[in-house]
Every structure is written in C-alpha cells, then in structure tokens.
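# Observations on the three-dimensional arrangement
What follows is the residue order along each chain.
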Amino acid sequence: MKDTKIIMGMPITVEIVDANVKSVALEMVFDYFKYVDNKFSTYKDDSEIMKINRGELKEFEYSDNMKEVLRLSEETRLATNNFFNIKKPTGTYDPSGLVKGWAIQKASNLLHENGYNNFCLEVGGDIQTSGTNNDGNPWSIGIRNPFNTSEIVKVVNNTDKGIATSGNYIRGDHIYNPNNTDATLEDIVSFTVIGPDIYEADRFATAAYAMGRDGIYFIENMPGFEAYMIDKNGRAIMTNGFLEYTK
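Residues numbered from 1 in each chain as written. Predicted model: local features only at pLDDT ≥ 70, side-chain atom pairs only at ≥ 80, totals over all residues. Heavy atoms only, no water.

### Concerning the overall build of the protein chain
Per the secondary structure count, the protein chain includes six helices and ten strands. The globule rule puts the C-alpha radius of gyration for 247 residues at 18 Å, and the 18 Å found for the protein chain is close to it. Projected onto the principal axes, the alpha-carbon positions of the protein chain cover approximately 50 × 45 × 30 Å. Within the protein chain, contacts between residues separated by at least 24 positions form 57% of all contacts whose residues are at least 6 apart in sequence. On the protein chain, roughly 12000 Å² of surface is accessible, and the fraction owed to carbon and sulfur atoms is 46%. (Helix = DSSP H or I, 4+ residues; strand = E, 2+ residues; numbered from the N terminus. Rg over C-alpha atoms; globule rule 2.2 N^0.38 Å. Contact = heavy atoms within 4.5 Å. Areas by Shrake-Rupley, 256 points an atom, 1.4 Å probe, with all protein chains shown as cover.)

The following block contains the structure:
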C-alpha cells in the first residue's frame, strides 16, 4: 500500500508492504506529519516555533516535543563545531534542518509500534527504510544527479538505515555556514549521507554540506556513516565504505 501527500511543503510518500497493512496506517503517518508541521513550521504564524520566535511563549511553556528538538539541536551544534545551528543571525530559531529527520524517525517508530516491519518513508528526498520491499529484497534508493534530477547516478541498497541528501539545487539557498554567514555554498551541490537511522543521517548531512569540501572527511571519521558528495564540476567523492551499499 502506497500513497503520497504534500505536507510540510514537500511530498511525503509512505509505502508499507506488510501483508496485514490497512489504509489507516498511512493516514496515521500523514496525520503525524501534519502535527509536526503545525508545531514547527516557520511559515505558519500560529505554530509553536513562531510563537517562540515572537517571544509569546516562555521556556516553561514549551511543549515536550519542542524541548526535545531544541535539546537535540544543541547537541548537534556541539557535535559539528557549530556547522549546524538552528539559531539564525536574526536571533530566531529555524529547527527544520533537524525536524525533518527527527519526524521521519518518529513516524517509523509509530509504524513499528503498530506491528509494521516492512516499509519505506520518504519526505522531501530523505528516506527511512525497514525490512524488505514487496519482492522481499532490500529497498533500492536512487541518488539523483543534481544537474539533471531525472537521472539517477547511484543506487543504494538500503535496509533499516536512513539516507539523507542536502544541497541547494532544488530548494535554493536554504542552508548556510553558521561559522561564516557571508560565505556562499557553491562548491558542493549535493551531499548524501547514509546513517544508522534517518535522524542521524539528516542532521549530519546538513552540517556536512555546510562544511563544504571538508564535510566528506567529517563523515569519513564517523563510525556507522557513509557519504557521497558531488561538487560543482560534477565530480563525485565518497567515503571508503560507501560502495558496500551499492552491491
């Protein structure tokens, strides 16, 4: 069973291949993403994050999920030498660089809690897989050519892992280097990270992309992570273990 809806300003695709799957499972996932959007969207004036940015909520009034996201964002900032920072130069917060992967992981947990073990969740190109596909094989995930998004340059065989891609080639300049806000991120056009789950892959893909060419070395030194980077000249650079996922 498979369906796609536009939520959080991007396509969300839920595919569940367990024999006992019911449509209510897909709706449960879509409803969860609507909840996340209503809470964390920086495009909705009545979202919790916007109320925080306007100073309308005190810290003790924050929801538990907001407290968790802010805590995890600070942990990620420290782990990436400030290359991931949800606090913008204006002093406001934009946690979207962490929320997407965090929400996909939470939705994956929901499916597991409801007895589903074979599924693929894709939100704006970031993916969490579980179990096997409808043919009983590992899920195959394509990495798009950033210069021609209708072309797949690599296919990754993915089981129970997260895969996230950061870049400015689709959504424009929405990622910046917090350590040098005047710098333009033009050298690297696409940075894909495979991690133990989509939360981990997504947050570190964002930070690694902001690092420019140094991002690939950052991921190389992280156990359990692999990366595939494409520069402005179309040259691909990958971590030592990445090709193990393409066999």
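### Regarding the packing of helix α1 (residues 23-40) against helix α3 (residues 64-79)
Packing of α1 against α3 brings their axes to within 11 Å, and their N-to-C directions diverge by 75°. Taken together, the axes of α1 and α3 lie roughly perpendicular to each other. Judged by residue contacts, Tyr-35, Lys-39 and Phe-40 of α1 engage Asn-65, Met-66 and Val-69 from α3. (Axes fitted to C-alpha atoms, helices over the stretch in contact; angles between N-to-C directions. Parallel < 35°, antiparallel > 145°, perpendicular 65-115°, else oblique.)

### Looking at the nonpolar core
Core analysis: the largest hydrophobic core is formed by 56 residues, its most contacted members being Ile-16, Phe-33, Trp-102, Phe-191 and Ile-219. Filtering out sequence-adjacent residues up to four positions away, Ile-16 remains in contact with Met-1, Val-21, Ala-25, Leu-26, Leu-111, Tyr-116, Asn-118 and Phe-119. Residues Cys-120, Val-156, Ile-163 and Ile-230 belong to the second largest nonpolar core, which totals 14 residues. (Core = buried A, V, L, I, M, F, W, Y, C linked by side-chain atoms within 4.5 Å. Buried < 20%, exposed > 50% of the residue type's maximum accessible area, 1.4 Å probe, protein only.)

### Here we look at the pattern of salt bridges
Taken as a whole, this structure holds 14 salt bridges when the rule is applied. Lys-2 is the salt-bridge partner of Glu-15, the closest N and O atoms lying 4.0 Å from each other. With a gap of 13 residues between them, Glu-15 in strand β2 (residues 10-16) and Lys-2 in strand β1 (residues 2-7) connect regions that are remote in the sequence. On the basis of relative accessible area, Lys-2 is assigned to the exposed category, the value being 57%. Here Arg-213 and Asp-231 are joined by a salt bridge, their closest N and O atoms 2.9 Å apart. One end of the pair, Arg-213, is in the loop between α5 (198-210) and α6 (215-220); the other, Asp-231, is in strand β9 (residues 226-231), and 18 residues separate them in sequence. You can call Arg-213 partly exposed: its relative accessible area is 27%. You can call Asp-231 buried: its relative accessible area is 1%. In this structure, a network of salt bridges that share partners links the residues Asp-187, Arg-213, Asp-231 and Arg-235. (Salt bridge = Lys/Arg side-chain N within 4 Å of Asp/Glu carboxyl O.)

### A few points about the pairing of strand β4 (residues 126-130)
Extensive coverage of β4 is indicated by the burial of five of its five residues. Alternating residues of β4 divide into Asp-126, Gln-128 and Ser-130 and Ile-127 and Thr-129, and every residue in both groups is buried. Alignment of strand β3 (residues 119-123) against β4, held across five bridges, turns out to be antiparallel. Looking at β4, one finds that Leu-121 is bridged to Gln-128. (Pairing = 2+ DSSP bridges.)

### Notes on α5
Taking 1.5 Å of rise per residue, the 13 residues of α5 would be expected to cover 18 Å, and the 18 Å separating its terminal C-alpha atoms lies within 8% of that figure. The element α5 is largely enclosed, with a buried count of 13 among its 13 residues. At the N-terminal boundary of α5, the capping side chain belongs to Asp-197, with an oxygen 3.1 Å from the backbone nitrogen of Tyr-199. (Expected span 1.5 Å × (residues − 1). Polar contact = N/O pair within 3.5 Å; in protein donor to acceptor, adjacent residues only side chain to side chain.)

### Brief notes about the sheet that holds strand β8 (residues 188-195)
The eight strands lie next to each other as β1-β2-β3-β4-β7-β8-β9-β10, forming an open sheet whose pairing is antiparallel. Two strands lie at the open edges of the sheet, namely β1 and β10 (236-238), each paired on one side alone. When strand polarity is set aside, the average angle formed by the axes of neighbouring strands in this sheet is 10°. Here β1 runs beside β2; their pairing, made up of six bridges, is antiparallel. Bridge assignment links Ile-6 to a residue of β2, and that residue is Pro-11. In the packing of helix α4 (residues 96-113) onto the sheet, contacts are made with β2, β3 and β4, and the angle to β3 comes to roughly 155°.

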